[in-house]
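What follows is the residue order along each chain.
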Amino acid sequence: MANKNVSHVIFDMDGLLLDTERLYTEAIQNVCDPFNKKYTWELKQKVMGKKESESVKIIIEELNLPIPDKQFLEEVHQQYNILFPAVELLPGADKLVRHLHKHNIPIAVVTGSDTASFELKSQNHKAFFSLFHHLVLTGDDPEVRHGKPAPDPYLIGARRFDDGVEPSKVLVFEDAVNGVESAHAAGMQCIWVPHREHDRAILEGKTELILNSLVEFKPEEFGLPAFES
Ligand SMILES: [Mg+2]
């Protein structure tokens, strides 16, 4: 399945480059605590990678929370303000992105986050994010009508490279099932890097490759320059 002359690489951000998924869970659980509700892994899987406005509706409905969307969002955002500035890069992210950048492989980020959330999470990683050709912040990007799992975010991500790119030559890295579906719907190759708790059977045999961590990635297997040892 692999080795299809990849020329461009697009990364998801949350839970793939940045160790934010843990913090999202903590923030949302803190808001659910007063109602004695548990933000479960099953529920989290349903909202991962979706636009925030869609995620909030799903969480409130599934947990029967007696508060309006707006209030839930405000409380969650207060938690983000506290938790996000200290977020760390995930293992292997820095090395891989620097390597691709050094070899002039065009790279981009396509995330469900909006601009404010991105600013909060990237404030201690500005040099790292400056290496990308562009970032698609689908949370408030006017061109993105439908979030992941629709193909729109990745198609728009591909179109914004200087000369555009054939989707089949794009390799996507994703940690969320919604994101893998989005990349595949866009006609791209996708490597899934699921969280430890994730049930891998969901996508077994349906995606190009499954890795435990970006550290395991061998660029040469996708026609990209190998790491210098
Ligand atoms: Mg993600």
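Parameters and conventions
- Residues numbered from 1 in each chain as written.
- Predicted model: local features only at pLDDT ≥ 70, side-chain atom pairs only at ≥ 80, totals over all residues.
- Heavy atoms only, no water.
- Domains from an automatic or database assignment.
- Contact = heavy atoms within 4.5 Å.
- Buried area = accessible area lost by both parts, 1.4 Å probe.
- Helix = DSSP H or I, 4+ residues; strand = E, 2+ residues; numbered from the N terminus.
- Nonpolar A, V, L, I, M, F, W, Y, C, P; charged D, E, K, R; others polar.
- Phe/Tyr/Trp six-rings, centres within 6.5 Å; stacked < 30°, edge-to-face > 60°.
- Buried < 20%, exposed > 50% of the residue type's maximum accessible area, 1.4 Å probe, protein only.

1. Remarks on the domain arrangement of the chain
The assigned domain composition of the chain is domain 1 (8-18 + 88-222) and domain 2 (21-86). Each of domain 1 and domain 2 was reduced to a C-alpha centroid, and the two centroids are 23 Å apart. Taken together, the contact between domain 1 and domain 2 spans 24 residues of the former and 17 residues of the latter. For the pair domain 1 and domain 2, the summed buried area comes to about 1,600 Å², and 50% of that belongs to carbon and sulfur atoms. The largest per-residue losses of area from domain 1 upon contact with domain 2 belong to Leu120, Lys121 and Asn178, which jointly make up 27% of the total buried on that side. Per element, the largest residue contribution to the side of domain 1 that touches domain 2 is three residues, and it comes from helix H6 (residues 115-122). Looking at the side of domain 1 that touches domain 2 residue by residue, the class counts come to five nonpolar, 11 polar and eight charged.

2. A look at the packing of aromatic side chains
Tallied over the entire structure, the rule returns 11 aromatic pairs. For the ring pair Tyr24 and Phe84, a centre distance of 5.0 Å and an interplane angle of 70 degrees mean the geometry is edge-to-face. Here the residue Tyr24 occupies a position in helix H1 (residues 21-32), and Phe84 occupies one in the loop between helix H4 (69-83) and helix H5 (93-102), the gap between them amounting to 60 residues. Owing to a relative accessible area of 0%, Phe84 belongs among the buried residues under this scheme. On the basis of an interplanar angle of 80 degrees and a centroid distance of 5.6 Å, the ring pair of Phe128 and Phe132 is categorised as edge-to-face.

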